[in-house]
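Survey of secondary and tertiary structure
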Amino acid sequence: MRVRFWGTRGSMPVSLTWLDLRDRLAQALVLAQGKPLDTMEKAVSFVERELDFSVSHTFGGHSSCVEFETGADAYFVCDMGSGARPFGAHVLARQAGRPALINVFMSHMHWDHIMGFPFFGPAYAPGCRIRMYGCHPELEHALRRQQDPPSFPVPFSQLGARIEFIRLVPGETREVDGVRVTPNLQFHSGDSYGFRFEHGGRSFVYNTDSEHKLDDNRETQRIVEFFRGADLVIFDAMYSLAEAVSVKADWGHSSNVVGVELCQMAGAKKLALFHHEPANDDAAITRILKDARRLEELTRQARKLEVIAAYDGLEIDL
Ligand SMILES: [Zn+2]
Ligand SMILES: [Zn+2]
C-alpha cells in the first residue's frame, strides 16, 4: 500500500506567511553562497540535498485528508478536510475523463474533516461514484447541511456524482474493494472513529481526533490491540504532553508522547504525528517531533519505532 498525505493540519488550514517565505529564501541564499547554481536543475538538486527540512519544506497546510493506494482501480481516502480539493484534482487528472470510484472513510463530522467536500472535483463529475463510509448516523445530514444556503452556492442535491452513504459498525471488519477495514470508537467531542486498514499483509491505522489518557487500563489495552503490529499508525499529536495534561486536557486530542507509548506497547513499526496544531509553526512541530524521537530512543525495547511528522505531499510505501 502507498499512503499519501493531502492534508495534515488540525482544526483549521494554515499557510506560510510572507515573513516565513522571506526568511526561508534568505537562509537558502546564504547557504548557497559560492555554489554555481546557474540552472533550475542545479538549484532544485541543491534544495533537495543540502537544505534542512525546515528551510525546504513545510508541515501542512491543508486539514485532514489521507489517501491510500492498493493497486486496485478504486480510490481510498480518509476524511474530506481541505486536502480533499487537491486530492480531487489528482483523481480527475489521473482518470482523464474516465469515471472514478472513490471510497471515503469519515472519522467524524467536525468542520475541519468535511470542509473540503464542497470543493472535491469528483463530486461534480457525472459518472463518478463516491461511497461515504462512517459510523455516525448524522454523516449524510452534516455533509448536506454545509452546502445549504446561505453557506455555499451549490446544494448537495445538485452534485453530479452518485453519492452513497454506508454505515459501518465499530469493531466489525468489512471488506471494501479488497481492503479489510475495521472502525474503532475514540474519545472525542461528539465521538470519532479510527480505522484500521489491512491489505496484502500490510496494515495501517488512521487515528485522528482522539484523546488517550492512559489512566484507564482497559481502555489503553483496547487501543493497543487496535494498533497491534501495524506497519504505520497515523496519530493525533496535536499537543505536547504538557499541554495535553494541563490546559488542553479533555479537548479531545493527544500528544506526541502518548503516541510513542501506545505504539511501543502495540509493537507498531512507524508512527506519523498528524493533525498538527494550527498555532504551531514548523519550528514548533519539529521540536515536537524531536522530543518524540528522543523519548522513543530512551524507552526503546526490542524494536525501534520509527517516528515521523506527516506533511502535505508525504508518501509512505508500506
Ligand atoms: Zn480535527
Ligand atoms: Zn474533531
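Anyway, here's the lowdown on the structure attached to this text. Just so it is clear, the model here is predicted, and its values are computed rather than measured. (Residues numbered from 1 in each chain as written. Chains lettered and ligands numbered in written order. Predicted model: local features only at pLDDT ≥ 70, side-chain atom pairs only at ≥ 80, totals over all residues. Heavy atoms only, no water.)

**Looking at the pattern of salt bridges**
All told, the structure shown has 23 salt bridges when counted by the stated rule. Two residues, arginine 4 and glutamate 69, come together in a salt bridge whose shortest N-O distance is 3.0 Å. Taken together, the residues arginine 4 in strand 1 (residues 2-7) and glutamate 69 in strand 2 (residues 65-69) connect sequence positions 65 residues apart. Between glutamate 198 and arginine 196 there is a salt bridge; the shortest N-O distance is 3.0 Å. According to the relative accessible area criterion, glutamate 198 is partly exposed, its value standing at 25%. (Salt bridge = Lys/Arg side-chain N within 4 Å of Asp/Glu carboxyl O. Helix = DSSP H or I, 4+ residues; strand = E, 2+ residues; numbered from the N terminus. Buried < 20%, exposed > 50% of the residue type's maximum accessible area, 1.4 Å probe, protein only.)

**Overview of the coordination of the zinc ion (ligand 1)**
Protein coordination at the zinc ion (ligand 1) comes from Asp112 (OD), His113 (NE2), Asp209 (OD) and His275 (NE2), with a distance range of 2.1 to 2.2 Å. Given four donor atoms and angles of 90 to 165° at the metal, the environment of the zinc ion (ligand 1) is assigned as irregular. Taken in sequence order, the residues that donate to the zinc ion (ligand 1) follow the motif D-H-x95-D-x65-H. (Donors = N, O, S within 2.8 Å, 3.2 Å for Na, K, Ca; no water. Tetrahedral: all angles 85-135°; square planar, octahedral: opposite > 155°, others 65-115°.)

**Examining the coordination of the zinc ion (ligand 2)**
Coordination of the zinc ion (ligand 2) by the protein is provided by His108 (NE2), His110 (ND1), His188 (NE2) and Asp209 (OD), with metal-donor distances spanning 2.1 to 2.4 Å. Around the zinc ion (ligand 2), the four donor atoms sit at angles spanning 92 to 170°, and that spread fits a shape best called irregular. Positions of the donor residues of the zinc ion (ligand 2) along the chain correspond to the pattern H-x1-H-x77-H-x20-D. Overall, the relative accessible area of 7% leaves histidine 188 in the buried class.

**What to know about the sheet that holds strand 5 (residues 129-134)**
Here seven strands make up an open sheet; going across it, the order is 6-5-4-3-2-1-14 and the pairing mixed. Among the strands making up the open sheet, the edge pair consists of strand 6 (162-167) and strand 14 (315-317). If you compare each strand with its neighbour and ignore which way they point, the axes differ by 20° on average. One ladder, built from four bridges, connects strand 3 (residues 75-78) with strand 4 (residues 101-106); its direction is parallel. Each bridged residue has a counterpart across the sheet, and for valine 77 the counterpart in strand 4 is valine 104. (Pairing = 2+ DSSP bridges. Axes fitted to C-alpha atoms, helices over the stretch in contact; angles between N-to-C directions.)

**Quick notes on the packing of helix 7 (residues 217-227) against helix 9 (residues 256-266)**
Relative to each other, helix 7 and helix 9 sit at 65°, their axes nearing to 8 Å. Taken as axis vectors, helix 7 and helix 9 run roughly perpendicular relative to one another. In the crossing of helix 7 with helix 9, the sense of the turn from one axis to the other is right-handed. On helix 9, the residues touching Thr220, Ile223, Val224 and Phe227 of helix 7 are Leu262, Cys263, Met265 and Ala266. The residue makeup of the contact of helix 7 with helix 9, split by class, is seven nonpolar, one polar and no charged. (Parallel < 35°, antiparallel > 145°, perpendicular 65-115°, else oblique. Left-handed = near helix turned anticlockwise from the far one by under 90°. Contact = heavy atoms within 4.5 Å. Nonpolar A, V, L, I, M, F, W, Y, C, P; charged D, E, K, R; others polar.)

**A few points about the pairing of strand 9 (residues 192-199)**
Of all eight residues in strand 9, six are buried; the element is thus mostly enclosed. Relative to strand 9, strand 8 (residues 179-186) runs antiparallel, the two being bridged by seven bridges. Counted as the bridge partner of valine 181 is phenylalanine 197 from strand 9. Linkage of strand 8 to strand 9, two consecutive antiparallel strands, is achieved through a turn of five residues, within which glycine 190 is found at a positive phi near 80°. Where strand 9 meets strand 10 (residues 202-207), five bridges bridge the pair, whose relative direction is antiparallel. Across the sheet, glutamate 198 pairs through a bridge with serine 203, a residue of strand 10. The antiparallel hairpin formed by strand 9 and strand 10 contains two residues in its connecting segment, where glycine 200 sits at a positive phi of about 55°.

Function-wise, these values are silent; they only describe arrangement.
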